[in-house]
Amino acid sequence: RARGGQFARARTSGALLGRAGFPMPGRKQMGPWRKMICLRSSTTTDQHPQRLGSYAGLTSLDLSSCNNLTDYGLEGLKALPLQYLKLECCETITDAGLLHLKALPLQHLNLSDCVNITDAGLLHLKALPLQHLDLEYCVNITDAGLLHLKALPPQHLALANCHTNKEPGLQHSRALPLTAPRMGS
């Protein structure tokens, strides 16, 4: 089934498919309506993001729950104009993977349940034009790591069930000029 009516992933062949199961077009044929790809809960591996480099108009990518995707796979995203990236529940992504995202024009980044992201990984995000950052259930993010976000700062920050909610907790997150913080557990 195509997520959002646009794209689906063929689990058997590993091919990316567009509407009606036709192969997704190459760079020259890509229409303005093809800006989002959802590979959620798929068997996506490190080779798949490398292939996405030909989609120059791709601005939104959902790789949630792709547990075969590692830090190396995120390197293939660095040439894309991604504004929205969802890596929720990607348990194999670490701080090293976030280094590959630092030059992207990301405005929305969802890292919730990425349990191997630590305070050091937030340092790689400090130059991004983020407006929304979701770090819920990132249990290795502490209040001290939020200091790296002061240069951003995101307008919306989700920190539920992080160690930022423990004492002395929230000391640095309260200093961020957030319009819609979500920090409860």
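Calculation criteria
Residues numbered from 1 in each chain as written. Predicted model: local features only at pLDDT ≥ 70, side-chain atom pairs only at ≥ 80, totals over all residues. Heavy atoms only, no water. Helix = DSSP H or I, 4+ residues; strand = E, 2+ residues; numbered from the N terminus. Buried < 20%, exposed > 50% of the residue type's maximum accessible area, 1.4 Å probe, protein only. Contact = heavy atoms within 4.5 Å. Areas by Shrake-Rupley, 256 points an atom, 1.4 Å probe, with all protein chains shown as cover. Pairing = 2+ DSSP bridges. Axes fitted to C-alpha atoms, helices over the stretch in contact; angles between N-to-C directions. pLDDT = per-residue confidence, 0-100. Salt bridge = Lys/Arg side-chain N within 4 Å of Asp/Glu carboxyl O. Polar contact = N/O pair within 3.5 Å; in protein donor to acceptor, adjacent residues only side chain to side chain.

A. Representation of the overall build of the protein chain in the model. A count of helices and strands for the protein chain gives four helices and eight strands. N-terminal to C-terminal, the α/β element order of the protein chain is β-β-β-α-β-α-β-α-β-α-β-β. For the protein chain, the residues scored as buried account for 49% of the 185 residues in total. Excluding contacts between residues fewer than 6 apart, the proportion of contacts in the protein chain whose partners are at least 24 apart in sequence is 52%. When the accessible surface of the protein chain is split by element, carbon and sulfur atoms take 52% of a total near 8700 Å².

B. Broad picture of the sheet that holds strand E4 (residues 60-62). The six strands lie next to each other as E3-E4-E5-E6-E7-E8, forming an open sheet whose pairing is parallel. Of all strands in the sheet, those with a lone pairing partner are strand E3 (36-38) and strand E8 (156-158), marking the two edges. In this sheet, adjacent strand axes meet at a mean angle of 0 degrees when their direction is disregarded. Of the strand pairs in this sheet, strand E7 (residues 132-134) and E8 are connected by three bridges, and their pairing is parallel. In the sheet register, His-132 faces E8, and the bridge partner there is His-156.

C. Up close: the environment of Ala-144. Here Ala-144 lies in the loop between E7 and E8. Along the sequence, Ala-144 and Ala-120 sit 24 residues apart, while their C-alpha atoms lie 9.8 Å from each other.

D. Just the confidence of the model for the protein chain, in detail. Mean pLDDT over the protein chain stands at 75; residues scoring 70 or higher make up 68%. Within the model, pLDDT remains below 50 along residues 1-33, and this stretch shows 57 contacts once partners closer than five positions in the same chain are excluded.

E. Fine view of the pattern of salt bridges. By the definition in use, this model includes two salt bridges. One salt bridge connects Glu-75 with Lys-78, and the closest N-O pair in it is separated by 3.5 Å. Residue classification places Glu-75 among the partly exposed positions, given a relative accessible area of 27%. Among the residues examined, Lys-78 registers a relative accessible area of 48% and is labelled partly exposed. For Lys-86, the salt bridge is made with Glu-88, and the minimal N-O distance between the two is 3.4 Å.

F. Summary view of the side chain of Ser-112. Relative to the helices and strands, Ser-112 resides in the loop between strand E6 (108-110) and helix H4 (119-122). At a separation of 2.8 Å, a polar atom in the side chain of Ser-112 contacts the side chain of Asn-110. Filtering out sequence-adjacent residues up to four positions away, Ser-112 remains in contact with Glu-88, Cys-89, Asp-134, Leu-135, Glu-136 and Cys-138.

G. Structural detail: unusual backbone geometry. A positive phi angle, close to 60 degrees, is found at Ser-65, a residue other than glycine. Looking at the secondary structure, you find Ser-65 in the loop between E4 and helix H2 (71-74). For Ser-65, a relative accessible area of 23% puts it in the partly exposed group. The residue Asp-113 is not glycine, and still its phi comes out positive at about 65 degrees. Relative to the helices and strands, Asp-113 is located in the loop between E6 and H4. Judged by relative accessible area, Asp-113 falls into the partly exposed class, the value being 26%.

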